[in-house]
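# Fold and contact review
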Amino acid sequence: TSQLFPISMIFKKEFKMKKILYIFVIFSLFSIVEGENSIEKETRKAGDRIRKNFYHAWETGNWTPFLNDIDPKNFVFQFPVGQFGGTYKGKEAVQKMKNFAKANIAYKNRVTSYKINFIIVEKDRYTFTDKFKGVIGGHKIEGGNSFYFRIKNGKLIEFREFIGYY
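Residues numbered from 1 in each chain as written. Predicted model: local features only at pLDDT ≥ 70, side-chain atom pairs only at ≥ 80, totals over all residues. Heavy atoms only, no water.

### Topic: the overall build of the protein chain
A count of helices and strands for the protein chain gives 4 helices and 6 strands. The N-to-C order of helical and strand elements in the protein chain reads α-α-α-β-β-α-β-β-β-β. Of all 166 residues assigned to the protein chain, the portion counted as buried reaches 36%. Taking contacts inside the protein chain between residues at least 6 apart in sequence as the whole, the part at least 24 apart equals 47%. With an accessible surface of roughly 10600 Å², the protein chain has 58% of that area assigned to carbon and sulfur atoms. (Helix = DSSP H or I, 4+ residues; strand = E, 2+ residues; numbered from the N terminus. Buried < 20%, exposed > 50% of the residue type's maximum accessible area, 1.4 Å probe, protein only. Contact = heavy atoms within 4.5 Å. Areas by Shrake-Rupley, 256 points an atom, 1.4 Å probe, with all protein chains shown as cover.)

Okay, here's the thing in structure tokens:
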């Protein structure tokens, strides 16, 4: 009998976890895509703008448009590692994000090129992954990240970055 996903494929070296992830994402998208409602359309529009402002900041060092996208009363900031590692809320979150921006400016951390792998929008949530090339801490790197935004009234109320690989 034939199997849709033979178990023997899991053990083959050439079958990579990346393929499993893409298959999962594609099946997930087909199962949830029924058309965006008005909240999701607003989230997508604001999320696209905020994402573009974020990459503009990372490319140029001009963080002002992105920082202006933040709702300072309700903001949550989460970063996986280092001096910004942890989850912060309210004024502390806003200050951490501003310090994150200042550190990126000071260390001349820049993205020189990037590609968005996919974007998923559900209600007030906007998530996306990327592949990028750039300079961090004076070292050339290539990698990928995953980001999670929550958006309310066109403003960013939650920013979570999950470093994927370098």
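### Structural notes on the pattern of salt bridges
Tallied over the full model, the rule gives 7 salt bridges. A salt bridge links aspartate 48 to arginine 51, with the shortest nitrogen-to-oxygen separation between them at 3.4 Å. Separated by 3 residues within a single helix, aspartate 48 and arginine 51 lie in helix α2 (residues 38–60), roughly one turn from each other. Pair check on accessibility: aspartate 48 and arginine 51 agree, each one buried. (Salt bridge = Lys/Arg side-chain N within 4 Å of Asp/Glu carboxyl O.)

### Overview of the side chain of glutamate 161
With respect to the helices and strands, glutamate 161 occurs in strand β6 (residues 155–165). Buried and unpaired, glutamate 161 has no salt bridge, with arginine 160 as the nearest side chain of opposite charge at 12 Å. Residues in contact with glutamate 161, not counting those within four places in the same chain, are Gln78, Phe79, Pro80, Phe100, Asn145, Ser146 and Phe147. (Lys, Arg positive; Asp, Glu negative; His and termini not counted.)

### A few points about the confidence of the model for the protein chain
Residues of the protein chain with pLDDT of at least 70 account for 77%, and the chain-wide mean is 84. Of all helices and strands in the protein chain, the one with the weakest mean pLDDT is helix α1 (residues 17–32) (50), whereas helix α3 (residues 64–68) scores best (98). Taken as a whole, residues 1–17 scores under 50 in pLDDT and shows 5 contacts with residues more than four places along the chain or in a different chain. (pLDDT = per-residue confidence, 0-100.)

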